[in-house]
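Each chain, written out:
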Amino acid sequence: MAVSFPIPSYFTAIFIISRLMSIIGISKHWNNKLLPPLDNITDKLSLDPSAIESASQDFGHIVKSIPKAVLQPSSIVDIASLINFSYNSSIPFTIAAKGHGHSVRGQAMASDGVVVNMTSMKKYRNGTGIWVSNDGVYADVGGEQLWIDVLNATLKHGVAPVSWTDYLYLTVGGTLSNGGISGQSFRYGPQISNVYEMDVITGKAEIVTCSPNKNSELFYAALGGLGQFGIITRARIPLEPAPKRVKWIRMLYNDFTAFTRDQELLISINGRHDSHALDYLEGSLLMDHGSPDNWRSSFFPPKHHPKITSSITNHRIIYCLEVVKHYDDQTQNTVDKELEQLLKGLSYMPGFMFEKDVLYAEFLNRVLRGELKARSEGLWDVPHPWLNLFIPKSQIEGFNDGVFKGIVLERNITTGPVLVYPMNRKKWDDRMSAVIPDEEIFYTVGFLHSSGFDDWEAFDDQNKEILKFCEDAGIGVKQYLPHFTSKDEWVHHFGSKWETFQQRKFQFDPKMILSPGQRIFNNN
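Residues numbered from 1 in each chain as written. Predicted model: local features only at pLDDT ≥ 70, side-chain atom pairs only at ≥ 80, totals over all residues. Heavy atoms only, no water.

The protein chain appears in an unreviewed UniProt entry as cytokinin dehydrogenase from Gossypium raimondii. The Sequence similarities (unreviewed entry) comment attached to the protein chain in UniProt states, word for word, "Belongs to the oxygen-dependent FAD-linked oxidoreductase family." UniProt's Catalytic activity (unreviewed entry) comment on the protein chain is quoted here verbatim: "N(6)-dimethylallyladenine + A + H2O = 3-methyl-2-butenal + adenine + AH2". (UniProt positions renumbered as here; feature names shortened; annotations may be inferred.)

Visitor: Mind showing me how you'd approach the packing of aromatic side chains here?
Guide: Within this structure, the stated rule accounts for 34 aromatic pairs. With a centroid separation of 6.2 Å and 20° between ring planes, the pair formed by Trp498 and Phe501 is classed as stacked. Of this pair, Trp498 and Phe501 both sit in helix H16 (residues 498–508), three residues apart, roughly one helical turn. The buried category is assigned to Trp498, whose relative accessible area is 5%. Note on Phe501: relative accessible area 2%, which makes it buried. An aromatic cluster is built from Tyr253, Phe256, Phe259, Tyr319, Tyr348, Phe399, Phe404 and Phe447, whose rings are joined through pairwise contacts. If you follow Lys307 out to its NZ or CZ, it ends over the ring of Phe352, 4.7 Å from the centre. One residue, Lys511, lies across the ring of Tyr87, its end atom 4.5 Å from the ring centre. (Phe/Tyr/Trp six-rings, centres within 6.5 Å; stacked < 30°, edge-to-face > 60°. Helix = DSSP H or I, 4+ residues; strand = E, 2+ residues; numbered from the N terminus. Buried < 20%, exposed > 50% of the residue type's maximum accessible area, 1.4 Å probe, protein only. Lys NZ or Arg CZ within 6 Å of the ring centre and 35° of its normal.)

Visitor: Just checking my understanding: could you explain the domain arrangement of the protein chain for this structure?
Guide: How big an interface is tends to be reported as the loss of accessible area on association of its parts. Under the domain assignment used here, the protein chain contains domain 1 (122–242) and domain 2 (245–479). Relative placement of domain 1 and domain 2: their C-alpha centres are 25 Å apart. Each side of the interface is counted separately: domain 1 has 33 residues, and domain 2 has 40 residues. Taken over both partners, the interface formed by domain 1 and domain 2 buries close to 2800 Å², and the fraction arising from carbon and sulfur atoms is 56%. In terms of surface lost to domain 2, no three residues of domain 1 exceed Phe186, Arg187 and Tyr220, which account for 31% of the buried area on that side. Here domain 1 and domain 2 share two salt bridges between them. For the pair domain 1 and domain 2, the interface holds 20 residue pairs in polar contact (both at pLDDT 80 or more). (Domains from an automatic or database assignment. Contact = heavy atoms within 4.5 Å. Buried area = accessible area lost by both parts, 1.4 Å probe. Salt bridge = Lys/Arg side-chain N within 4 Å of Asp/Glu carboxyl O. Polar contact = N/O pair within 3.5 Å; in protein donor to acceptor, adjacent residues only side chain to side chain.)

Right, here's the structure in full:
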C-alpha cells in the first residue's frame, strides 16, 4: 500500500526551513504553508566537508560532482521526508541514493542536490537489516546491506541466495537497480530475476510495497531501473540450501570458436533444479602483458606459470573458461563423476585444465584477496574507466576479430581483467527495465581497467573506439551499467522499451528528482 506524506497546515520553524534552503540553494520566495516539515531530518543533513567529498566521488574516480548536502538517514521515513520536501517545493532539488559508491561515471551523484548515504541506515537497523524467514525460504534485506553480509547472515541458517555478483561488497539496492550479474546468471538469471518483493520510495515520497502481484508496475520498473523510479529500501530475496564446498576448474583455449562453442554447450544445461547443471560459468582473456593471475583471484599453481606464460606469448591471447560445481556431504562422492561427464569432449588445450576445491563462501568472496592486494599496492582508489557490454551470440566472432584481436592487441594497454561469457535471455524478465540483446544467447564482455590518474583517458579512448567499431560493424551491442550524455543516446539504448521507461518516470517521479547522475532526464 502506498503511504503519502500529508502537506501540513501549520508553520514549520523558520530557522529549520531557512537552513535547508541555504543548503540546497532554493530561492527563499516560498510559501511555508505549502512545504512539509523537516524537523525529523534537519539534524541528519550534513554539510561536513568529508561527507560532501565522499558523496562527490565514486569507484570510477573519473567524475566528480559536488552535492549541497548529504542525508545520513536513520530510517526510511527520513528518506521519504527529504523526497517529500523536494517534491512539494516550487523548485524541486535532485536526490541520489548512494550505497557503496561502486559506480564508475557518477551515476550515484547529485550535483547541487542531496546525496542519501544509504549505508548510514546499517547502524540504526539494530541487527534487523537482514532477516531470514523461519523456514529459510527467503530473506528480507535492507537496500543498504552489502551482499557479503547477506551471505554471512544466511549461511548461519544453512541457506543462501543463488544469484550473485563477482564482487560482494556492493549494496542490495544498488545491484537490483542495475541487474546484478555473474557466472550464475546463465542458470538462475541475474539478481533482478531473484526477488519476491520490495519496498520502494518513489519520487513522490510514497513508500510502496511491490511484487509481481502487488503494485507490479513499480516492481518491474525499479528492477534494473537505474534508480529512476524509486529508492529500494527492502528486498525479499529467495534462498536455497547452501552447499559446503565447490569444485572450481579453469581450462585454457587458444581457439575462440572452440571456447565459445564449449561455453554455449555448457549453458544449454540450465534448469534451476537440474542437478546435472553447472552452478557457475565465466570466461576471460589472458594476454601477453598480464599475469596468469589477476586481481580476481590467485588460481593457477605457480609451477604451471611458465607453460601458461609461454602459451600466452605464442598466441598473444588465451581464452580461459572457468566453471564451478557445488557439493555437500550428500553429493561429495558423485560430484567428480558429474563434472567429468559435463566436461567430457570439450576442446580446451590438452594439459591446461586446473582445479581447486574450496569452501563455498571462499569462492563467492574470491575477489576480496585481489582487492586487499590492490589496496596494499595503492592500486584500488584509482580511476576505473570500465566498459561493460552485452553482445548478441551471432556477432561475438566478429567482436573477437575486431576488438580482442584488433583494437585491444593493437593498443596494447589492457592489463586489467577482460571478461567474456554467455547468458540465456529466457532467464531475464522483459517486463523489467533492464535492457539486453534480442537473441536467446548473448555474451557479457567486461573491460575492467584500472589506471593512473594521468592516463585513464587512454583507456577511455579505447572504450570509445570499441563502441565505434560496434556501431560501424552493425553489432547490436547494449551497455550494461550504461553511461550516456544525451537523450537521443538513451532513447537508442532502451529501444522499444523507451516509451514504457519514460511513462514510468512520469508516473513514479514526475518532477525528475531521483538519480540525476544517470543523466537520462537530467542531461542538460
